[in-house]
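# What the coordinates show
Listed below, chain by chain, are the residues.
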Amino acid sequence: MKRLFYMLMASVSTLLILASCDGNKHSYTLNINVEGLKDSTKIILQPVTHVRNADLLGEAYIIGGKACFSGSVENPTGAYFRIDRGNGWLPFVLEPGDITIGGIISGIPSQRDTTITNYDFSNLNVTGSENTPRFRYIFSVRDSLFGVGAQNRQKYAALTEQHYLARKSNDQKRLKALEATEEYKAYLAAESELSAAFKSRYTTLITNGNDSFWGPMTMLALYWYFTPDMRSLYEGFSEEAKASSYGQEVKKELYPLGCPGDKLENFKTVDTEGNSVSMEGIAAQSKYTLIDFWASWCGPCRKEIPNLRSIYEKHKGNGFNILSISIDKDKAAWQKALEEENLPWVNVHDTDGTIANAYGVKSIPMLVVVDSEGRLVVENARGKDLENKMDELLAK
């Protein structure tokens, strides 16, 4: 029965391959010609993106060491050649023309999970894609830095294990003794040097592509996530780079709410009294409104509340207001927290996460200040920084 299943799969895949690769109506044809994979092994073309569950560029099954993809791309597209249920991938650029990925693939079962195979793609070659060498170079730089990191971990393995055990047991005397050694100081220096090398080399790779899609695509390829300090990299891109699909994705991640001055999305909901409220309606009542995303279970959120109350009491008569939005899943827990905190401003419950999703909330507390037209003024300032900023704005 198992043999019959694979025969049927092979027949279906062969028909799909012939159908997709016949004719010249497609802008590109990607031929896979490899050794080392069993028939009916599933291969995947994954795009360079930070979007979760993004659509694949394609998937197919190996038959006799071969498979084929075809389609069209308006611009060169960064991609990863992967094998289903496997670790490892081959970066390349999908672009118009005839492209071939060929060579030998080897693999060994993962020690952690024998159902997963660790694949070695180092013996594969990509031909027909003029942009692939540049893309592969980017990853060679990354891999060389990872190699230095691996060497550091191996060199200082015994030291870091002792430090971990001392920290785990809260042995402060042992921790101080370890951290006073020359070896530990050398370890910190090596880590600092590697961190600086990553930042320097990555910045160079990204800025080398400032004038085209290469800049933002390189950002997406090298970093798993972005932090606000990376906005300067985006701002250095040309208008062409920013307008590319990669540039737009980078902007959306770096500026989930938009840039200062952008009008934020309006929403309508009900407050604790059952009254209908909207962001635009509340914002229109004051010069500035602080929108506070929080939850009853969030310690930092509750810790920030006294500061918010202090700013509110200081400026409520001077054109300042607050709108608190709870993302609690448990309504009773939210209501209990409201009683405990006694918040004197409008409070709403984002019951299904619609508002938080629209505002790109990834962590809380998330504090946003808008003007009377609902335009972004301040993003994620907290504590004394928030107080100083509101003092500055409301002094005008």
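Residue positions are counted from 1 within each chain, in the order its sequence is given. Whole-chain, interface and lining totals are the exception, using all residues; otherwise, since this is a predicted model, local features are given only for residues with pLDDT of at least 70 and side-chain atom pairs are given and counted only at 80 or more. Hydrogens and water molecules were not included; the side-chain quantities draw on all heavy atoms of the structure.

## What about the state of the cysteines?
Counted only if it meets this: Cysteine sulfur atoms are paired as a disulfide whenever they come within 2.5 Å of each other. Each residue is placed in one exposure class: buried if its accessible area under a 1.4 Å probe, protein chains only, is under 20% of its type's maximum, exposed if it is over 50%, and partly exposed if it falls in between.
This structure, assessed with the given rule, holds 1 disulfide. A disulfide bridge connects Cys298 with Cys301, and the sulfur atoms are separated by 2.3 Å. Here the S-S torsion is close to 75 degrees, and the disulfide linking Cys298 with Cys301 is therefore right-handed. Comparing Cys298 with Cys301 shows no difference in burial state: the two are buried.

## Points about the sheet that holds strand β5 (residues 77-83)
As a reminder of what qualifies: Strand pairing follows a simple DSSP-based rule, namely that at least 2 bridges must link the two strands. Secondary structure elements are defined from DSSP: runs of H or I of at least 4 residues count as helices, runs of E of at least 2 residues count as strands, and each element is numbered from the N terminus. To get an axis, fit a line to the C-alpha atoms, keeping to the stretch in contact for a helix; angles then go from 0 to 180 degrees between the N-to-C directions. Contacts are assigned to residue pairs that have any heavy atoms within 4.5 Å of one another.
As summarised here, the arrangement of the 4 strands in space is β3-β2-β5-β7, forming an open sheet in which the pairing is antiparallel. Among the strands making up the open sheet, the edge pair consists of β3 (58-61) and β7 (89-94). Sheet twist, expressed as the average angle between the axes of neighbouring strands with direction ignored, equals 25 degrees. Bridge analysis of strand β2 (residues 42-47) against β5 gives 5 bridges, and the strand direction is antiparallel. The partner of Ile44 across the bridge, within β5, is Arg82. Contacting β5 and β7, helix α2 (residues 132-155) runs over the sheet at an angle of about 145 degrees to β7.

## Here we look at the side chain of Asn210
The following threshold applies: Within 3.5 Å is the distance limit for a polar contact, defined as a pair of N or O atoms, with the added protein rule that one can donate a hydrogen and the other accept it, and that residues adjacent in sequence qualify only through two side-chain atoms.
Examined against the element boundaries, Asn210 turns out to sit in the loop between α5 (182-207) and α6 (214-222). Among the polar contacts made by the side chain of Asn210, one reaches the main-chain carbonyl oxygen of Gly236 at a distance of 3.5 Å. Sequence-distant contacts of Asn210, that is, excluding residues within four places in its chain, are made with Gly215, Gly236, Phe237, Ser238 and Ala241.

## Quick look at the packing of aromatic side chains
Cut-off, in case you're wondering: Planes of paired rings set the category: under 30 degrees apart is stacked, over 60 is edge-to-face and the rest tilted, where pairs are Phe, Tyr or Trp rings (Trp by its six-membered ring) whose centres lie within 6.5 Å.
According to the stated counting rule, one finds 19 aromatic pairs in the structure shown. Seen from their ring centres, Trp89 and Phe139 are 5.2 Å apart, and the 75 degrees between their planes marks the pair as edge-to-face. Highlighted residues: Trp89 in strand β7 and Phe139 in helix α2, separated in sequence by 50 residues. With relative accessibility at 30%, the residue Trp89 sits in the partly exposed group. An aromatic cluster of three or more residues is present, and its members are Tyr80, Trp89, Phe135, Phe139, Phe213, Trp214 and Tyr246.

## Quick word on the pairing of strand β17 (residues 366-371)
Counted residue by residue, β17 has 6 buried out of 6 residues, so it is predominantly covered. Both faces of β17 are covered, namely the face carrying Met366, Val368 and Val370 and the face carrying Leu367, Val369 and Asp371. Two strands pair when backbone bridges link them, and β17 and strand β18 (residues 376-379) are joined in this way by 3 bridges, in the antiparallel orientation. Directly across from Val370, in β18, lies its bridge partner Leu376. If you look at the hairpin formed by β17 and β18, you'll find 4 residues sitting between the two strands, and Gly374 has a positive phi there, around 80 degrees.

## Describing unusual backbone geometry
Residue Pro365 follows Ile364 across a cis peptide bond; omega there is 5 degrees. Positionally, Pro365 belongs in the loop between α13 (354-358) and β17. At Asn53, a position not held by glycine, the phi torsion is positive, near 55 degrees. If you trace the backbone, Asn53 turns up in the loop between β2 and β3.

## Thoughts on the pattern of salt bridges
Inclusion rule: The rule for a salt bridge is simple: a side-chain nitrogen of Lys or Arg has to be within 4 Å of a carboxyl oxygen of Asp or Glu.
Inspection of the entire model under this criterion finds 14 salt bridges. In this structure, Arg302 engages Glu341 in a salt bridge whose closest nitrogen and oxygen atoms are separated by 2.5 Å. With Arg302 in helix α11 (residues 299-315) and Glu341 in helix α12 (residues 331-341), this residue pair connects regions lying 39 residues apart in the sequence. The residue Lys314 makes a salt bridge to Glu387 at a minimum N-O spacing of 3.8 Å. With a gap of 73 residues between them, Lys314 in helix α11 and Glu387 in helix α14 (residues 383-394) connect regions that are remote in the sequence. Given the relative accessible area of 47%, Lys314 is considered partly exposed. In this structure, a network of salt bridges that share partners links the residues Arg302, Lys336, Glu340 and Glu341.

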